[in-house]
Amino acid sequence: MTVSRRDFIKHCAAAAAVTSLPLGLSRSTEAANAAPLTATALDASLEWGKAPCRFCGTGCGVMVGVKDGKVVSVAGDELNPVNKGLLCIKGYSLPGILYGEDRLTTPQIRNNGKLKDATWDEALDLVANKFKESVDQHGPKSVAMYGSGQWTITDGYAALKWFKGGIGSNNVEANARLCMASAVTGFITTFGADEPMGCYDDFEKADAFVLWGNNMAEMHPVLFSRLLERRRKASWVKIHDMATRRTPTTEWADVHYSMEPQSDLAIANAIARIIINTGRYDKKFINEHTVFKSGKENIGYGLEDNFNFKDAPKAMTFAEYSKYVQKYTPAHVEEISGIPAAKIKQLAEVYADKFTKVVSLWCMGMNQHNRGTWINNLVYNLHLLTGKICAPGNNPLSLTGQPSACGTVREVGTLAHRLPSDMVVMKPRHREIAANIWGVPISNINPKPGYNTVEMFRAFDRGDIKVMWTQTTNPMVSMPNLIRYREGAQKDGRFLVVSEIYPTPTTEVADVVLPAAMWVEREGMFGNTERRTQQWNKLVDPPGEAKSDAWQTIEVAKRMGYADLFKYGEQTYERELFEEYRQFTLGTGHDLGTYDQYIAARGLRWPVVDGKETPWRYTSKYDPYVTKGKKIEFYSNKKTGGKAVVWARPYEPAPEVPDNEFPFWLCTGRVLEHWHTGSMTRRVPHLHRAVPEAYVEMNAKDAADNGIQDGEKVRVKSRRGELELKVVLNGKGKPRRGSVFVPFFDEGKLINEVTLDSYCPISKEPDYKKCAVKIEKLKAI
């Protein structure tokens, strides 16, 4: 199907049933009919500023129109190289997320079971006292901070510094553990460093795109429009969609591969086998730039409290690796995956043909996976075996689901084992660097990692963690096996602080609620999928007494006696925090530019050296860190001499599979119109009207076999919980037989009460895509 970028965005707007705009939004917000506006076409009666989008990790540039102290209009920023003037329907709806009627504007403290308004001093003093009391009585491990990929860079850095440099606790986590941790461990175990070598410019240069379980048309529509534009201009370009359900992405793709859940592991190994057996691997590249390793197998699923796993890599030869993948014949993998052997061979041709430039793309399908690290490794294998990497149009690219999951969580290091710039608390030299920058004794930084996200909430349930503070996230909707963790948060002896913009199921169980400023109500910086860091200025005041998350963190830290860690100016702390954090990155290959450089630019892709960004890493043509005389060097992999690792990883089944009692696979995810737990988008009237409630997608034949009709209510039940939902047949998404799909945006219908909290033992990222459920037709009353 040939279609332009603009036509695709119009189609998305129509699919979202956007027939009218909220009152007060100008013509530039109208996605369905308006062309992207140049700077000269912006409404001159408004004041305009630039900012990255507040939603997914694409990092679209937005022109923000302000009148009478309010955001009243947005337009795609044509000068931003990410989106080139286009926005998706959520991007065009950004003004609406700021002005919901129930916006939180005043601190609140729970008294006799009810939240009551309080002053900032009362709330902050209480929070500081609770943290201090817990640390004094139970030690630093008894407190926790849980943020997100929606934290700005300075929000995350302030929390990290306070906890790891001050309190001495590594219990800092973020909800990116739930969405991007497998991408992190995949990159690090293969290349020695996190984040991609490629960038969005690959989209204009590739001949084929392979989407591994990635509904890009709905989840990253602006980026998907660039794929479609590439195909429109180059007729030979093909889009390959591999997934467990047909989605809008399938409708735009050239080839669809309907796969059984969990079978991607076997498919990737089958492709590697075909590449080797047909002699189309790049021997020179392999010899110069790769080593081969195997690791432990049958590694568990993280279902037990305090689960612990450590891999034990072993070197192997190319011949041993070749032998290892021989069992993954197309015929055998057809039995596992449901994809015909001939189609597996067809997909293998995309990687094997040396004249085809290929970009592999994925997001939650591969990352929210009980073997998430392994499947990331296995897709990298395909690029390394063929040498299709570190070159324009030839790269693997893990897409991101939050605006700063990369810039804050991954780069700042707001995870239980990390420090900034890929440093970790376990290494003495890294702790020494952090201690020197922070001006604290190295003994302040605990060398033992804290709890990962799932274990953190398990510890809160058990009472090992007494006090927790969440910012910019809604865990009482998003955590898997939710009933346990919601009940745990309400037990005696627990104290929960929540910084939020709206009431949510998480604020419902909070002891203190702090109103937060968001997006352009404060100054900030995000970092997106392609290593692009973007800055924006404050454009409007936040409502009521709302304050930035960084300000809240610093104020509590000061009240606990850590004022020396935060000697910044009241009006300049954002800049000062960033410039201090930047010191961690210089000379590491993660170099960031100066704050002023980001003010002047539409973002810069790190490493930024002498003011110049790096579009492609590990290649001497673009990356200044590659050793002179080498064309390609994976320089962060010092233990392998600058070589990437090709991993032998097996197919292993999921921890819970359908059986006679629970015969269906359950997969959860997002929809085009809503974002994550819906706390922002459900307050935008036209987005809420488009998809007002959660539902369950079923295969039409499965429904017929069970006497279920479209629109009927059914009970979705697992071993953990149950939920009543309306059935949708032949909607935008169409699961394969034996599978159902439920979106998780609806706080009134909590599908995570049903899901399983298994996780990848290496990344500790939960698998939201695979558990077993039954579908019960409700009896008429």
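Scroll up for the structure.
Here we summarise the structure given alongside this text.

Reading guide: rules and limits
- Residues numbered from 1 in each chain as written.
- Predicted model: local features only at pLDDT ≥ 70, side-chain atom pairs only at ≥ 80, totals over all residues.
- Heavy atoms only, no water.
- Helix = DSSP H or I, 4+ residues; strand = E, 2+ residues; numbered from the N terminus.
- Rg over C-alpha atoms; globule rule 2.2 N^0.38 Å.
- Buried < 20%, exposed > 50% of the residue type's maximum accessible area, 1.4 Å probe, protein only.
- Contact = heavy atoms within 4.5 Å.
- Areas by Shrake-Rupley, 256 points an atom, 1.4 Å probe, with all protein chains shown as cover.
- Lys, Arg positive; Asp, Glu negative; His and termini not counted.
- Charge placed at Lys NZ, Arg CZ, Asp CG, Glu CD.
- Polar contact = N/O pair within 3.5 Å; in protein donor to acceptor, adjacent residues only side chain to side chain.
- Salt bridge = Lys/Arg side-chain N within 4 Å of Asp/Glu carboxyl O.
- Pairing = 2+ DSSP bridges.
- Axes fitted to C-alpha atoms, helices over the stretch in contact; angles between N-to-C directions.
- Arc of directions from axis to C-beta.
- Left-handed = near helix turned anticlockwise from the far one by under 90°.
- Nonpolar A, V, L, I, M, F, W, Y, C, P; charged D, E, K, R; others polar.
- Patch = residues over 30% accessible without salt bridge, like charges linked within 9 Å, V, L, I, M, F, W, Y side chains within 5 Å.
- Disulfide = S-S within 2.5 Å.
- Phe/Tyr/Trp six-rings, centres within 6.5 Å; stacked < 30°, edge-to-face > 60°.
- Lys NZ or Arg CZ within 6 Å of the ring centre and 35° of its normal.

In this section: the overall build of the protein. Assigned secondary structure in the protein consists of 25 helices and 29 strands. Radius of gyration (C-alpha) of the protein: 25 Å, near the 28 Å computed for a compact globule of 781 residues. Along the three orthogonal principal directions, the C-alpha set of the protein runs to about 70 × 70 × 60 Å. Taking all 781 residues of the protein together, the buried fraction comes to 66%. Pairs at least 24 residues apart make up 73% of the contacts formed inside the protein by residues separated by at least 6 positions. With the model as given, the accessible surface of the protein reaches about 26700 Å², and the carbon-plus-sulfur share is 49%. When the 102 basic and 91 acidic side-chain charges of the protein are each reduced to a single mean position, those positions are 5 Å apart.

With that out of the way, let us pick up the side chain of Ser 337. When you line up the elements, Ser 337 lands in helix H12 (residues 330-337). At a separation of 2.8 Å, a polar atom in the side chain of Ser 337 contacts the main-chain carbonyl oxygen of Val 333. Setting aside residues no more than four positions away along its own chain, Ser 337 makes contact with Ser 258, Met 259, Glu 260, Ser 263, Ile 267, Ile 344 and Arg 736.

What follows deals with the pattern of salt bridges. Applying the stated criterion across every chain, the model contains 60 salt bridges. Its salt-bridge partner being Arg 736, residue Glu 260 comes within 3.1 Å of it at the nearest N-O pair. Of this pair, Glu 260 sits in the loop between strand S11 (255-258) and helix H9 (264-277) while Arg 736 sits in the loop between strand S27 (734-735) and strand S28 (739-743), and the two are 476 residues apart along the sequence. Ionic pairing is found between Asp 422 and Arg 418, a salt bridge with its closest N-O pair at 2.3 Å. For the residue pair Asp 422 and Arg 418, the accessibility class agrees, reading buried in each case. Ionic contacts of the salt-bridge type, sharing partners, join the residues Asp 305, Glu 455, Arg 458, Asp 461, Arg 462, Asp 464, Arg 484, Lys 491 and Asp 757 into one network.

Moving on, we get to the sheet that holds strand S9 (residues 238-243). Spatially, 5 strands are ordered S11-S9-S8-S14-S15 in an open sheet, and the strand pairing comes out parallel. Strands at the two margins of the open sheet, each flanked by one partner only, are S11 and strand S15 (395-398). The sheet shows a mean angle of 15° between the axes of neighbouring strands, taken without regard to direction. Bridge count between S9 and S11: 4 bridges; the pairing is parallel.

A separate point is H12. Those residues of H12 not exposed but buried are Pro 330, Val 333, Ile 336 and Ser 337. Projected onto a plane normal to the axis of H12, the buried residues spread over an arc of 115° and lie on a single side. For H12, the secondary structure elements touched by its buried residues are S11, H9 and helix H13 (341-352). Where H12 terminates, the next one or two residues include Gly 338, which has phi positive at roughly 85°.

Of all 6 residues in strand S17 (residues 495-500), 6 are buried, a share of seventy percent or more. The pairing of strand S16 (residues 467-471) with S17 spans 5 bridges and is parallel. Across the sheet, residue Met 468 finds its bridge partner in S17, namely Leu 496.

Sheet architecture is open: 3 strands sit in the order S19-S20-S21, paired in antiparallel fashion. Both edges of this open sheet fall to strand S19 (524-527) and strand S21 (604-605), since each of them pairs with a single strand only. Where S19 lies against strand S20 (residues 532-536), 4 bridges are found, and the strand directions are antiparallel. Each residue of the ladder has a partner; that of Phe 526, found in S20, is Gln 534.

Here we come to the packing of helix H4 (residues 153-167) against helix H16 (residues 405-413). Between H4 and H16, the shortest axis-to-axis distance is 8 Å and the interhelical angle comes to 35°. Where H4 crosses over H16, the two elements pack in a sense that is right-handed. Where H4 abuts H16, its residues Ile 153, Gly 156, Tyr 157, Leu 160 and Lys 164 lie against Gly 407, Thr 408, Val 412 and Gly 413. Across the contact of H4 with H16, the residue classes break down as 4 nonpolar, 4 polar and 1 charged.

Turning to the pairing of strand S4 (residues 108-111), a few remarks are in order. Where S4 meets strand S5 (residues 114-117), 4 bridges bridge the pair, whose relative direction is antiparallel. Note that in S5 the partner of Gln 108 across the bridge is Asp 117. The turn linking S4 back onto S5 is made up of 2 residues, and Asn 112 within it adopts a positive phi angle of 55°. Summarising the sheet, S4 and strand S18 (residues 512-515) pair through 2 bridges and their orientation is antiparallel. The residue of S18 that forms the bridge with Ile 109 is Val 512.

Before going further, it helps to examine a positive patch on the surface. Where like charges cluster on the molecular surface, the positive patch consists of Lys 296, Lys 310, Lys 427 and Lys 639. Looking at the element boundaries, Lys 639 is found in the loop between S21 and strand S22 (644-648). By relative accessible area, Lys 639 is classed as exposed at 86%.

The next subject is the state of the cysteines. Tallied over the entire structure, the rule returns 0 disulfides. Between Cys 199, a free cysteine, and Cys 390, which holds the nearest cysteine sulfur, the sulfur-to-sulfur gap is 12 Å.

Below, the discussion takes up unusual backbone geometry. The residue after Trp 606, namely Pro 607, is reached through a cis peptide bond having omega 0°. A positive phi angle is found at Lys 84, which is not glycine, with a value near 50°. Within the secondary structure layout, Lys 84 lies in the loop between strand S3 (70-76) and helix H2 (94-98). The class for Lys 84 is partly exposed, based on a relative accessible area of 38%. Notably, Asn 306 is not glycine yet its phi reads approximately 60°, a positive angle.

Before going further, it helps to spend a moment on the packing of aromatic side chains. Overall, the coordinates contain 33 aromatic pairs when judged by the stated rule. Residues Phe 131 and Phe 163 carry aromatic rings whose centres are separated by 6.2 Å and whose planes lie at 85° to one another, so their mutual orientation is edge-to-face. Within this pair, whereas Phe 131 is found in helix H3 (residues 120-138), its partner Phe 163 is found in helix H4, the two being separated by 32 residues in sequence. Here Phe 131 matches Phe 163 in class, with each residue buried. Relative to Trp 536, the ring of Phe 526 lies with its centre 4.7 Å away and its plane at 55°, an arrangement referred to as tilted. Taken as a pair, Phe 526 in strand S19 and Trp 536 in strand S20 lie far apart in primary sequence, 10 residues in all. Take Phe 526 and Trp 536: they sit in the same class, and that class is buried. Ring-pair connections join several aromatic residues into one group, and the members of that group are Phe 187, Phe 191, Trp 362, Tyr 380, Tyr 618, Tyr 625, Phe 634 and Tyr 635. Across from the ring centre of Tyr 99, 4.8 Å away, lies the NZ or CZ of Lys 70, which sits over that ring. When the ring centre of Tyr 324 is taken as origin, the NZ or CZ atom of Lys 327, which lies over that ring, is 5.1 Å away.

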